[in-house]
Amino acid sequence: MNEQTRRFLVVGAVGLVVVFALVWSALGQMEGFWVSGSALGAWFAAFLTLSILSFLYDDNPFYRFAESLFIGVSAGYWMVQGIWQQLIPNMLGRLAPGFVNEHLAQVPLEVDPVDRGMALVQLVLGCLLLWRLAPKGTWIARWPLAVIVGWAAGTNLTRYLVSDFTKQVSPALIPLVEPSQTAFLGIDWIGTLTALVTVFGLLAALIYFFFSVEHKGFLGQVSRGGIWILMITFGAAFGYTVMGRIALLVGRMEFLFVDWLQVIGP
Amino acid sequence: MERLQAIDRRWIFLFIMLAVVIPLAFDLTIDEVATPEVQAIYDRIEALPPGSNVLLPFDYGPESEPELQPMADSYVRHLCRRKQKLFFMCLWPTGQAQTLKTVDQVLEQEFSDYSYGRDYVMLGFRPGGQGVIQVVVTDFRTLYQSDVEGTPIDEIPMMQNVKGLKDMDLILNISGGFPGLKEWIQFGGDRTGVPVAGGVTAVQAPLLYPYYPRQLSGIMGGLKAAAEYESLLIQGYSEAYGTETERFAAIRRMGPQTLAHLVIILFLVVGNVAYFASRGSSGERLKSLEK
């Protein structure tokens, strides 16, 4: 099938849906885009959804239009958020609270001198970061970058060390046999199996990443067990990912057939 | 068999689409049984005395709405039934719109006795990710001088006795990514000792299970867990929801989800059978050529 035929098929399919929707709304079975602003929004959202889904057949101009629009809108949205949520209240609002309060946004008029000094530091560092665009002295931009990296490392290090290391070690040190008053031989067999899988799975996975000793003999066997544990983990993660993606597809199909076309009842 | 291996991927897409649309059309639903980690959240809320302070950070956007909005709605329904005080906030700018959606469609529609400022407050979005959590651990007022409507925090009755995160009885987060539940555990729960629980997208769930049950009181991963929670609500509050299951979006979506999974499993099995069968026949062909 050549490129032209593929394009014809995609355009034909999208066109068919649009014609169906027009006839369907003319018959009063769904809201036409001319009825209200929200109906027009729903039609446009449906068009964009179909355009994105058309990529499943093949690359085409509808898909590229929807993709470019999404990227553009996202970039614009985050830029506006950055200006109105960060720059104006957190920096300008501290440097010139009177002006900001009068012309831009509601901010506290009384600012602590330390906060004002910090805002000035932020302004200087922000300007230095933009120095990267200058024709000369682009190395200057590395200084504010160093501050950002340093802040992130300092902030996260202790919390990761506590939450992801020390607090994770203690739950791994568990008894291998779970006692039970009522179960056969006084052992909770499910609990024991869980404890065994947890402890030996953890050890096997750790040994797989222990490269100081060659993985031969007993260590090699345990290391192979570690690969199995990792593969099962990746499989579970992939299964969850599939579930998540299908859930999003269900959401889009609900929108198309229930909210937009209204051929399926809510 | 070789033809099966060379099947056009677009046929698979078509089958998946049909597997999603047909159960939607026929309203196919499946009975859900709650897993322990979902039951733990339900039990935790049930155990809270009425009037407890519950922080609800909604850290997600419309891109993960099909999975997470049912969780948000269920949490609010459950908390309102238990007469808790709700403090909404978000670390994502898009979270505010999602909060409004739940407040408009669930809280104000179904719980008319709930009053703004007395029973619930929307603190809104503040930029800074985990930095925001670090600040509100000690004092909300450092970042939140006013709520989303511009009302000064000190004029809001339910904020009178709230200073920092330690004044909360539960942090119930809904997370679509970073910053989200992981950051609430690391910077909020682990630091203050306030119990943390929450719902996340299915993609994040495997990364958060290691925190359960010591650092995370309960976890809901994806649409399946949302449907389990909804079924718990229907069972627990049958007098309110017994005959109105159509308002529970996750249960409705689990029919298409299950059928789509079955189709994927079917294609996996068929693909593997075709692969091994063709490998066997090509091996025999090689042997005959060698002879």
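Residues numbered from 1 in each chain as written. Chains lettered and ligands numbered in written order. Predicted model: local features only at pLDDT ≥ 70, side-chain atom pairs only at ≥ 80, totals over all residues.

Glancing now at the overall build of chain A. Helix and strand counts for chain A stand at eight helices and zero strands. Reading chain A from its N end, one meets helices and strands in the order α-α-α-α-α-α-α-α. Radius of gyration (C-alpha) of chain A: 30 Å, far over the 18 Å computed for a compact globule of 266 residues. Seen through its principal axes, chain A has C-alpha atoms that stretch 75 × 60 × 45 Å. Per-residue burial for chain A yields a buried fraction of 12% across its 266 residues. When contacts within chain A are restricted to residue pairs at least 6 apart in sequence, long-range pairs at least 24 apart make up 30% of them. (Helix = DSSP H or I, 4+ residues; strand = E, 2+ residues; numbered from the N terminus. Rg over C-alpha atoms; globule rule 2.2 N^0.38 Å. Buried ≥ 20, exposed ≤ 12 C-beta atoms within 10 Å, placed from the backbone. Contact = placed C-beta atoms within 7 Å.)

It is worth spelling out the domain arrangement of chain A at this point. Each domain of chain A was delimited in the assignment, giving domain 1 (112–173) and domain 2 (177–254). Look at where the C-alpha atoms of domain 1 of chain A and domain 2 of chain A centre, and you get two points 36 Å apart. (Domains from an automatic or database assignment.)

This paragraph deals with the sheet that holds strand β5 (residues 196–200) of chain B. Each strand in a sheet pairs with its neighbour through backbone hydrogen bonds, running either in the same direction (parallel) or in the opposite one (antiparallel). Residues and elements named next belong to chain B. Taken together, the six strands give an open sheet; going across it, the order is β3-β2-β1-β4-β5-β6, and neighbouring strands pair in parallel fashion. Of all the strands in the sheet, the pair left with one neighbour each is β3 (120–125) and β6 (218–221). With strand direction ignored, the average angle separating the axes of adjacent strands in the sheet is 15°. Pairing geometry for β5 and β6, over four bridges, is parallel. Bridged to Val-200 within β6 is Gly-221. In the packing of helix α9 (residues 222–236) onto the sheet, contacts are made with β5 and β6, and the angle to β6 comes to roughly 120°. (Pairing = 2+ DSSP bridges. Axes fitted to C-alpha atoms, helices over the stretch in contact; angles between N-to-C directions.)

It is worth spelling out the confidence of the model for chain A at this point. A residue-level look at chain A finds 100% of positions with pLDDT of 70 or above and a mean pLDDT of 90. Ranking the helices and strands of chain A by mean pLDDT puts helix α8 (residues 217–260) of chain A first, with 94, and helix α1 (residues 3–26) of chain A last, with 81. (pLDDT = per-residue confidence, 0-100.)

Okay, the pairing of strand β4 (residues 170–175) of chain B next. Residues and elements named next belong to chain B. With six of six residues buried, β4 lies mostly within the body of the structure. Burial of β4 is two-sided: the residues Leu-170, Leu-172 and Ile-174 facing one way and the residues Ile-171, Asn-173 and Ser-175 facing the other way are all buried. Two elements, strand β1 (residues 53–59) and β4, share four bridges in a ladder whose sense is parallel. By the bridge assignment, Val-54 is partnered in β4 with Leu-170.

Moving on, we come to the pairing of strand β2 (residues 85–90) of chain B. All names here are of chain B. Burial of β2 is extensive: six of the six residues sit out of reach of the surface. Residue alternation in β2 divides its side chains into two sets, Lys-85, Phe-87 and Met-89 and Leu-86, Phe-88 and Cys-90, and both sets are buried. In the sheet, β1 pairs with β2 via five bridges, with the strands oriented parallel. Looking across to β2, one finds that Val-54 is bridged to Leu-86. Alignment of β2 against β3, held across five bridges, turns out to be parallel. Its bridge partner being in β3, Leu-86 is matched across the sheet by Tyr-120.

A few words on the domain arrangement of chain B. Each assigned domain of chain B is listed with its residue range as follows: domain 1 (2–25 + 255–290) and domain 2 (36–245). Each of domain 1 of chain B and domain 2 of chain B has a C-alpha centre, and these two points are 42 Å apart.

Another aspect to go through is unusual backbone geometry. Residue Pro-179 of chain B is reached from Phe-178 of chain B by a cis peptide bond, and omega for that bond is -15°. Within the element layout of this structure, Pro-179 of chain B appears in the loop between β4 and α7 (181–192). With an omega dihedral of 5°, the bond running from Tyr-212 of chain B to Pro-213 of chain B counts as a cis peptide bond. Mapped onto the secondary structure, Pro-213 of chain B falls in the loop between α8 (205–208) and β6. Of note, Gln-262 of chain A is a non-glycine position whose phi angle comes to about 55°, a positive value. Along the chain, Gln-262 of chain A turns up in the segment after α8. Although it is not a glycine, Asp-27 of chain B sits at a positive phi angle of roughly 55°.

What follows deals with the interface of chain A and chain B. Listed by partner, the interface residues are 32 residues for chain A and 37 residues for chain B. The element contributing the most residues to the side of chain A that touches chain B is α8 of chain A, with 16 residues. Residue composition of the side of chain A that touches chain B, grouped by class: 19 nonpolar, 10 polar and three charged. (Nonpolar A, V, L, I, M, F, W, Y, C, P; charged D, E, K, R; others polar.)

As a further point, take the packing of α8 of chain A against α9 of chain B. Here α8 of chain A crosses α9 of chain B at 75°, and the two axes come no closer than 7 Å. Compared by their axis directions, α8 of chain A and α9 of chain B come out roughly perpendicular. Taking contact as the criterion, the partners of Tyr-240, Met-243, Gly-244 and Ala-247 of chain A in α8 of chain A are, on α9 of chain B, Gly-222, Leu-223 and Lys-224 of chain B. (Parallel < 35°, antiparallel > 145°, perpendicular 65-115°, else oblique.)

Right, let's get into the nonpolar core. Judged by nonpolar contacts, the single largest core of 91 residues is most densely connected at Val-20, Val-54, Leu-56, Phe-87, Phe-88 and Tyr-229 of chain B. For this core, the element with the highest residue contribution is α8 of chain A, accounting for nine residues. When residues no more than four places from it in sequence are discounted, the contact partners of Phe-87 of chain B are Asn-53, Val-54, Leu-55, Leu-56, Val-121 and Leu-123 of chain B. (Core = buried A, V, L, I, M, F, W, Y, C linked by C-beta atoms within 7 Å.)

So, about the environment of Thr-29 of chain B. Residue and element names in this part refer to chain B. Its location among the elements puts Thr-29 in the loop between α2 (9–25) and α3 (36–47). Since 18 C-beta atoms lie within 10 Å of it, Thr-29 is described here as partly exposed. Between the C-alpha atoms of Thr-29 and Arg-253, which are 224 residues apart in sequence, the distance is 7.8 Å. Here Thr-29 is in contact with Ile-251, Arg-252, Met-254 and Gly-255, once residues within four sequence places are set aside.

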